[in-house]
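# Working through the structure, step by step
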Amino acid sequence: MHIFLAALAHETNSFSPIPTTMRAFEEGILYRPGGGDGALAQARDFPGYGFLLDVARAHGDDVTFGLCAWAQPGGPVARATWEALRDELLEQLRAAGPVDAVVLVLHGAMIAHGYPDCEGDLLNRVRALVGPAVPVGALLDLHGNLTPAMTASGAVLVACKEYPHTDYLARTRELHAILARMARGECRPAVLVRTLPMLGLFGTGDAPMRALLDLVRACEAQAGILSISLMHGFPWSDTAATGAAVMVVHDTGAAHAARAGRIAAQLAQSFFALRSLGARAMLSVDDAVAAGLADATGLCVLADGADNPGGGAACDSTFVLRVLIERDARDVALGMIWDPLAVQLAMDAGVGAELALRIGGKVGVASGQPVDVRATVTAVRRDARQHGLAGRYTEALGDAVAVRAGGIDIVLNTRRQQVFSPECFTQLGIDLAAKRLVVVKSTRHFRAWFDAIAGTTLFCDAPGALNSDLASLPYAHLRRPMWPLDAIGEAEALGLAEHGHA
Ligand SMILES: [Zn+2]
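Residues numbered from 1 in each chain as written. Predicted model: local features only at pLDDT ≥ 70, side-chain atom pairs only at ≥ 80, totals over all residues.

## Comments concerning the overall build of the chain
A count of helices and strands for the chain gives 15 helices and 18 strands. What you see for the chain is a C-alpha radius of gyration of 23 Å, in line with the 23 Å of a compact globule of 502 residues. Expressed along its principal axes, the backbone C-alpha trace of the chain runs to roughly 70 × 55 × 40 Å. Every one of the 502 residues in the chain was classed for burial, and the buried ones make up 55%. (Helix = DSSP H or I, 4+ residues; strand = E, 2+ residues; numbered from the N terminus. Rg over C-alpha atoms; globule rule 2.2 N^0.38 Å. Buried ≥ 20, exposed ≤ 12 C-beta atoms within 10 Å, placed from the backbone.)

## Digging into the sheet that holds strand 12 (residues 354-359)
Taking strand neighbours across the sheet as the criterion, the 8 strands line up as 12-13-14-15-11-16-10-17 in an open arrangement whose pairing is mixed. Pairing within the sheet leaves two strands with one partner each, and these edge strands are strand 12 and strand 17 (456-460). Sheet twist, expressed as the average angle between the axes of neighbouring strands with direction ignored, equals 30°. Here strand 11 (residues 332-338) pairs with strand 16 (residues 437-440) via 4 bridges, running parallel. Among the inter-strand pairings, glycine 335 is bridged to a residue of strand 16, identified as valine 440. This element, helix 10 (residues 285-294), spans strand 10 (300-304), strand 16 and strand 17 of the sheet and lies at about 165° to strand 17. Each of strand 12, strand 13 (371-387), strand 14 (393-405) and strand 15 (408-413) is contacted by helix 12 (residues 340-349), which is oriented at about 175° to strand 12, the strand it contacts most. (Pairing = 2+ DSSP bridges. Axes fitted to C-alpha atoms, helices over the stretch in contact; angles between N-to-C directions. Contact = placed C-beta atoms within 7 Å.)

## A closer look at the sheet that holds strand 3 (residues 62-70)
Strand order in the open sheet formed by 6 strands is 2-3-1-4-5-6, with mixed pairing between adjacent strands. The open sheet is flanked by strand 2 (29-31) and strand 6 (156-159), the only strands paired with a single partner. Between one strand axis and the next, the sheet turns through 20° on average, direction left out of account. The pairing of strand 1 (residues 2-9) with strand 4 (residues 101-105) spans 5 bridges and is classified as parallel. Across the sheet, phenylalanine 4 pairs through a bridge with valine 102, a residue of strand 4.

## Some words on helix 4 (residues 79-95)
Taking 1.5 Å per residue as the helical rise, helix 4 with its 17 residues ought to reach 24 Å, and the 24 Å between its terminal C-alpha atoms agrees with that figure. Summarising the contacts, the buried residues of helix 4 are in contact with strand 1, helix 1 (22-27), strand 3, strand 4 and helix 5 (118-130). Positive phi appears at glycine 97, one or two residues downstream of helix 4, with a value of about 75°. (Expected span 1.5 Å × (residues − 1).)

## Re the packing of helix 10 against helix 11 (residues 319-326)
Helix 11 packs onto helix 10 with a crossing angle of 55° between their chain directions and a minimal axis gap of 10 Å. Considering the angle they form, helix 10 stands oblique to helix 11. With respect to the hand of their crossing, helix 10 and helix 11 are arranged in right-handed fashion. Here Val285, Asp286 and Val289 of helix 10 come into contact with helix 11, specifically with Phe319, Val320, Val323 and Leu324. In the contact of helix 10 with helix 11, the residues fall into 6 nonpolar, no polar and 1 charged. (Parallel < 35°, antiparallel > 145°, perpendicular 65-115°, else oblique. Left-handed = near helix turned anticlockwise from the far one by under 90°. Nonpolar A, V, L, I, M, F, W, Y, C, P; charged D, E, K, R; others polar.)

## Details of unusual backbone geometry
Each neighbour pair has its own omega, and for arginine 480 with proline 481 the value is 0°, a cis peptide bond. A cis amide bond, omega 5°, links tryptophan 483 with the succeeding residue proline 484. Among the structural elements, proline 484 can be located in the loop between strand 17 and helix 15 (490-494). One non-glycine residue, aspartate 331, lies in positive phi territory at about 55°. Mapping aspartate 331 onto the fold places it in the loop between helix 11 and strand 11.

## As for the domain arrangement of the chain
Each assigned domain of the chain is listed here: domain 1 (2-278 + 497-501) and domain 2 (285-467). Centre-to-centre, using C-alpha coordinates, domain 1 lies 32 Å away from domain 2. Every contact between the two is made by 22 residues of domain 1 and, on the other side, 23 residues of domain 2. Here the side of domain 1 that touches domain 2 is built from residues that sort into 10 nonpolar, 9 polar and 3 charged. (Domains from an automatic or database assignment.)

## Quick look at the packing of helix 3 (residues 47-58) against helix 7 (residues 168-183)
Contact geometry of helix 3 with helix 7 gives a least axis separation of 9 Å together with a crossing angle of 50°. Our classification of the angle between helix 3 and helix 7 gives oblique. Classified by chirality, the crossing of helix 7 by helix 3 is right-handed. Residue-level inspection shows Pro47, Gly48, Phe51, Leu52, Val55 and Ala56 of helix 3 in contact with helix 7, the latter providing Tyr168, Leu169, Thr172, Arg173 and His176. Looking at the contact of helix 3 with helix 7 residue by residue, the class counts come to 7 nonpolar, 3 polar and 1 charged.

## Examining helix 12
All buried positions along helix 12 are accounted for by Ala342, Val343, Leu345 and Ala346. For helix 12, the angular spread of buried residues about the axis comes to 165°, placing them on one side. On its buried face, helix 12 sits against strand 12, strand 13, strand 14 and strand 15. Count one or two residues on from helix 12 and you reach glycine 350, which has phi positive near 90°. (Arc of directions from axis to C-beta.)

## Things to note about the pairing of strand 10
As a general feature of sheets, a regular strand has side chains that alternate between the two faces. With 5 of 5 residues buried, strand 10 lies mostly within the body of the structure. Of the two faces of strand 10, both are covered, the one formed by Cys300, Leu302 and Asp304 as well as the one formed by Val301 and Ala303. Bridge count between strand 10 and strand 17: 5 bridges; the pairing is parallel. Of the residues in strand 17, the one forming a bridge with valine 301 is threonine 457.

## Re the nonpolar core
If you look at the biggest cluster of nonpolar residues, it comprises 168 residues, and the most contacted ones within it are Ala7, Met247, Val320 and Leu412. Considering every element that reaches this core, the biggest residue donor is strand 1, with 7 residues. When we break this core down by domain, the ones giving at least three residues each are domain 1 (2-278 + 497-501) and domain 2 (285-467). When sequence neighbours within four positions are dropped, the list of residues in contact with methionine 247 reads Leu146, Leu157, Val191, Val193, Ile228, Ser229 and Met231. (Core = buried A, V, L, I, M, F, W, Y, C linked by C-beta atoms within 7 Å.)

## A closer look at the environment of threonine 204
Inspection of the secondary structure assignment puts threonine 204 in the loop between strand 7 (189-196) and helix 8 (207-220). Ignoring anything within four residues of it in the chain, the contact list for threonine 204 reads Glu162, Tyr163, Met209, Arg210 and Leu213.

Laid out in structure tokens, this is it:
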């Protein structure tokens, strides 16, 4: 096949204080064809793009490279940035000439100023360009919010199934296989979406969600069913389409469509029945720190998910650090706090220096107040990196320093990035085996690497752009009723809208 491949992805947090502009994409991933091998190598590090390239090449496809653009989650994308990147991608597709398939790596929860549904906007412009017959497929994050415009584009949509998102390679193969069958005329997929009025975060490592995914796989094995995605939705993206959904990609034909409808209804019921998992009660910062310091199971990992930059938070909040200092905590590590100014001061002071350092609390009220400490610089590192979810040592952390204040080792860095792997600490000489507690700014993705070394894992809820008290968020566009903001029964929830394309 002659495939056009491009990626344009952002998880937009409507409540984030961080503007998303072209600079955010330049600091994230911004590969432009013709930019040289080094730029392509960077694009390959973006899981969906790199995996699709590998899978396509393994099948002997001829790949025309389009844009690969990704920015760390933040607030809505600037209008001019969205329009520029979108139009650049469309121009590349136009220049590619006739193609057998278009494959896009998107997110599903991208908002720009003036564009509440970026993916729907892009997919329909792509469709208008290639016409109705060319297969178009898109890889999504399960935190995407599916819209009627997205499905109306006629694209085949496949989302990751796992949270942490460890299955992009498998989903890439799945999407490629469907598109290849379409190109050979072996199937004509339709997409059926059943929306669910619920918000939450649903880790798939826990037993009830694993059982639901087993059921999904059993349903995928039925005749005419090509792919099923459980969309969890992204609660901090404030749109009319925000929320969970079940999406079934099936072959056309009355029997297949009827089967897809039954499966979507069954899975919607099963998913909605697990809604309370998505709003698990979290510990207060005080209680979480107390529990973490008292824990005797080995290393306790405490997730400060509210300040996770991987969901658009500032990553410089000090709520947990302040409580640790007040308790004079010992044998504790905390990372990473995004504070380029403090990093510069510590780097200038150098390893071994002791200095008065003001840490964090700079972006806004949800970051808390800065914390002033007497710090000893224990390590500095230019271009620090960590392994990401795709297993590659590619996640750039910028410059990083480790400072010790009392019994707390604190990692500060210059690039907003969540903690994926223990390397955020170990490459700065912090031995986690000697710690009783490590605090990570991540919601759940850290578990892919940390579960192996954690005796206990705790979750606390601090202020922040990813605060889990959804009822406190100033939603303006969210459709209602919506669980857990509203009491909503199963009958009402399951009677809600379907959309899709045949
Ligand atoms: Zn996600």
